[in-house]
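Results of the structural survey
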Amino acid sequence: RCEFLNKLFEKYKTIEENETEWEEFMTEDAEIILTAFGSMTRNIKAAMKVLRQKGIKAGCFRPITLSPFPYDRIYELASAGKDFIVVEMNMGQMFKDVKYAINGKANSYLVNRACGEWLSVEEIVSSVEKIMEKNYAASI
């Protein structure tokens, strides 16, 4: 039994190393990284551009594969001091994965609306600004 389980584990580990995919946009200098999957990615990219025009260094991260999830890359970004705002059209399932990946190295926030309802670019920008204001006020 254990031999079979070990083979399965090794197989998944190989898949994880070779098949995990994601996209990043302007994460190099970002202080905060907007994260979404699927069609919501268009709105976080547009929100990122608006936020940058307002002087907030935002970047975007889009997991292409959700299983295996890009835990290692998110951990690397969090370890470099990047906070994450996860934007979802559901109940925060990916937020749990991002929070797990961060492993206490950065802050994470959820901006969501359930049942597949879109969050507009304006709603995302407004949410990010509110989060940033609270963090600034808390650090004074």
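Details of the structure are given in the entry above.
Residues numbered from 1 in each chain as written. Predicted model: local features only at pLDDT ≥ 70, side-chain atom pairs only at ≥ 80, totals over all residues. Heavy atoms only, no water.

A short note on helix 4 (residues 93–102)
Threshold: The classification of residues rests on relative accessible area computed with a 1.4 Å probe and restricted to protein chains. Under 20% of the type maximum is buried, over 50% is exposed, and intermediate values are partly exposed. Helix and strand definitions follow DSSP, with helices as H or I runs of at least four residues and strands as E runs of at least two, each counted in order from the N terminus. The arc in question is traced by the directions running from the helix axis to the C-beta atoms. Any two residues having at least one pair of non-hydrogen atoms within 4.5 Å are treated as being in contact.
What helix 4 keeps buried is the set Met 94, Phe 95, Val 98, Ala 101 and Ile 102. Across the axial projection of helix 4, the buried residues extend over an arc of 125°, all falling on one side. Every exposed residue of helix 4 that faces more than 90 degrees away from the buried side is listed here: Lys 96 and Tyr 100. Buried residues in helix 4 make contact with strand 2 (32–35), strand 3 (58–63), helix 3 (71–79), strand 4 (83–88) and strand 5 (108–112).

Here's the deal with the nonpolar core
Inclusion rule: Among buried residues, the Ala, Val, Leu, Ile, Met, Phe, Trp, Tyr and Cys ones that are joined through side-chain atoms within 4.5 Å form a nonpolar core.
Among the nonpolar cores identified, the biggest contains 21 residues, and Leu 34, Ile 44, Leu 51, Ile 85, Val 87 and Ile 124 are the most heavily contacted of them. Counting residues per element, the ones that place at least two in this core are strand 2, helix 2 (40–53), strand 3, strand 4, strand 5 and helix 5 (121–139). Those residues in contact with Leu 51 that sit more than four places away from it in its chain are Leu 34, Ile 56, Ala 58, Val 125, Val 128 and Glu 129. Among the nonpolar cores identified, the runner-up in size contains 15 residues, and Ile 74, Leu 77, Val 86 and Met 94 belong to it.

Description of the pattern of salt bridges
Just so we agree on the cut-off: Just to be clear on terms, a salt bridge is a Lys or Arg side-chain nitrogen sitting within 4 Å of an Asp or Glu carboxyl oxygen.
Within this structure, the stated rule accounts for seven salt bridges. Glu 129 is paired through a salt bridge with Lys 54; the nearest N and O atoms lie 2.9 Å apart. Here Glu 129 is found in helix 5, whereas its partner Lys 54 is found in the loop between helix 2 and strand 3, with 75 residues between them in sequence. With its nearest N and O atoms 2.9 Å apart, the salt bridge here joins Glu 76 to Arg 73. Linking Glu 76 with Arg 73, this pair stays in helix 3, spanning three residues, or about one helical turn. Arg 73 sits in the partly exposed class, given a relative accessible area of 22%. Through salt bridges with shared partners, a single ionic network connects Glu 24, Arg 73 and Glu 76.

A look at the packing of helix 3 against helix 4
Condition: Note on method: axes are straight lines fitted to C-alpha atoms, helices fitted across the in-contact stretch only, with angles between N-to-C directions ranging 0 to 180 degrees. An angle below 35 degrees is read as roughly parallel, one above 145 as roughly antiparallel, one from 65 to 115 as roughly perpendicular, and any other as oblique. Note: crossing handedness is left-handed where the near helix turns anticlockwise from the far helix by less than a right angle, and right-handed where it turns clockwise. Amino acid classes used here: Ala, Val, Leu, Ile, Met, Phe, Trp, Tyr, Cys and Pro are nonpolar; Asp, Glu, Lys and Arg are charged; the rest, including Gly, are polar.
It is at 8 Å that the axes of helix 3 and helix 4 come closest, and there the two elements cross at 60°. Classed by the angle they form, the pair helix 3 and helix 4 counts as oblique. The two elements helix 3 and helix 4 meet at a crossing, and its hand is right-handed. Of the residues in helix 4, those in contact with Tyr 71, Ile 74, Tyr 75 and Ala 78 of helix 3 are Asp 97, Val 98, Tyr 100, Ala 101 and Ile 102. Each residue belonging to the contact of helix 3 with helix 4 can be placed in one class, and the counts come to eight nonpolar, no polar and one charged.

So, helix 3
Taken residue by residue, helix 3 has Ile 74, Leu 77 and Ala 78 as its buried positions. Buried residues of helix 3 fall within an arc of 100° about the axis and therefore sit on the same side. Summarising the contacts, the buried residues of helix 3 are in contact with strand 1 (22–25), strand 2, strand 3, strand 4 and helix 4. A positive backbone phi angle near 90° is found at Gly 81, which sits one or two residues after helix 3.

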